[in-house]
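Read off the chains here:
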Amino acid sequence: MCASYGVVVHPNTLTIDSEAMRFLRERPASGRIALLRTKIGNDMTELTLEQQVARLAAIEDIKQMKAQYCAYADHGYDPEGMASLFTEDAIWDGGDFGRFEGVDAIKEFFSEISSDIVFAIHPVMNPIIMVDGDTANAKWWLIMWCTMNVEGRKEARWFAAEYDDHLVKRDGKWLFTHIKIDGKFFATHADGWADQTG
């Protein structure tokens, strides 16, 4: 739990008073602050209590679903598990890792990638989740530690990227319709990422 400027954040609740709203409105409208201010200023103050609860429940469901995605990735990129999180016509766009359309192509990709990435941890953080009925957009930062198989030699690497996820709720379950990964650097542990970040 943390509190500042009248904002009290618990794991599943967000309470904002008028002083906090004024503080947010006075900040420069840029980047993630602007998105956060829009989400709080428009959504939270204009929805009924029932709508706010439904919205927060959807956000929590999406967080749990993303955590499941990461867990499957951390356990050998379980292709069956990964495929269960996508719609039939979904797109997974991994940038330099490739772009795959349709759940079968996505499943095939994940069934093969574990031979190249033999170990990985996928912590995602700083979520910005915008819910609109049965659709949603979620942005996350990823900092991944991994071990690559490079011509039979194991190599420790760091990967930093931003996820841009689009989701739909079908039969009470959230599914990915489109995942886009914007990689910032993919660097060896020995060399570091300075040369890849300008």
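Look up a bit, the structure's there.
Our subject in this report is the structure included herewith. (Residues numbered from 1 in each chain as written. Predicted model: local features only at pLDDT ≥ 70, side-chain atom pairs only at ≥ 80, totals over all residues. Heavy atoms only, no water.)

Here we look at the overall build of the chain
Scanning the chain for helices and strands turns up five helices and ten strands. Counting the 198 residues in the chain, one finds 35% classified as buried. Taking contacts inside the chain between residues at least 6 apart in sequence as the whole, the part at least 24 apart equals 49%. (Helix = DSSP H or I, 4+ residues; strand = E, 2+ residues; numbered from the N terminus. Buried < 20%, exposed > 50% of the residue type's maximum accessible area, 1.4 Å probe, protein only. Contact = heavy atoms within 4.5 Å.)

Quick notes on the environment of Lys 107
Its location among the elements puts Lys 107 in helix H5 (residues 103–113). Put simply, Lys 107 and Ser 84 are 23 residues apart on the chain and 9.2 Å apart in space, counted from C-alpha to C-alpha. Every residue in contact with Lys 107, bar those within four places of it in the chain, is listed here: Pro 79, Glu 80 and Ala 83.

A word on the packing of aromatic side chains
Evaluated as defined, the whole model comprises 15 aromatic pairs. Seen from their ring centres, Trp 92 and Phe 110 are 5.5 Å apart, and the 75° between their planes marks the pair as edge-to-face. Taken as a pair, Trp 92 in strand S4 (residues 86–93) and Phe 110 in helix H5 lie far apart in primary sequence, 18 residues in all. The exposure classification of Trp 92 matches that of Phe 110, with both residues buried. Three or more aromatic residues joined by ring pairs make a cluster, and in this case those are Tyr 77, Trp 92, Phe 100, Phe 109 and Phe 110. Of note, Lys 66 hangs over the ring of Tyr 69, and the distance from its end group to the ring centre comes to 4.5 Å. The ring centre of Phe 186 lies 5.0 Å from the NZ or CZ of Arg 157, which sits over that ring. (Phe/Tyr/Trp six-rings, centres within 6.5 Å; stacked < 30°, edge-to-face > 60°. Lys NZ or Arg CZ within 6 Å of the ring centre and 35° of its normal.)

Some points on a nonpolar patch on the surface
On the surface, Val 118, Phe 119, Ile 121, Ile 143 and Trp 145 cluster together to form a nonpolar patch covering roughly 420 Å² of accessible area. Listed by contribution, the elements that provide at least two residues to the nonpolar patch are strand S6 (117–121) and strand S8 (135–150). In terms of residue count, S6 provides more of the nonpolar patch than any other element does, three residues in total. Tracing the backbone through its elements, the reader meets Ile 121 in strand S6. Judged by relative accessible area, Ile 121 falls into the partly exposed class, the value being 35%. (Patch = residues over 30% accessible without salt bridge, like charges linked within 9 Å, V, L, I, M, F, W, Y side chains within 5 Å. Areas by Shrake-Rupley, 256 points an atom, 1.4 Å probe, with all protein chains shown as cover. Salt bridge = Lys/Arg side-chain N within 4 Å of Asp/Glu carboxyl O.)

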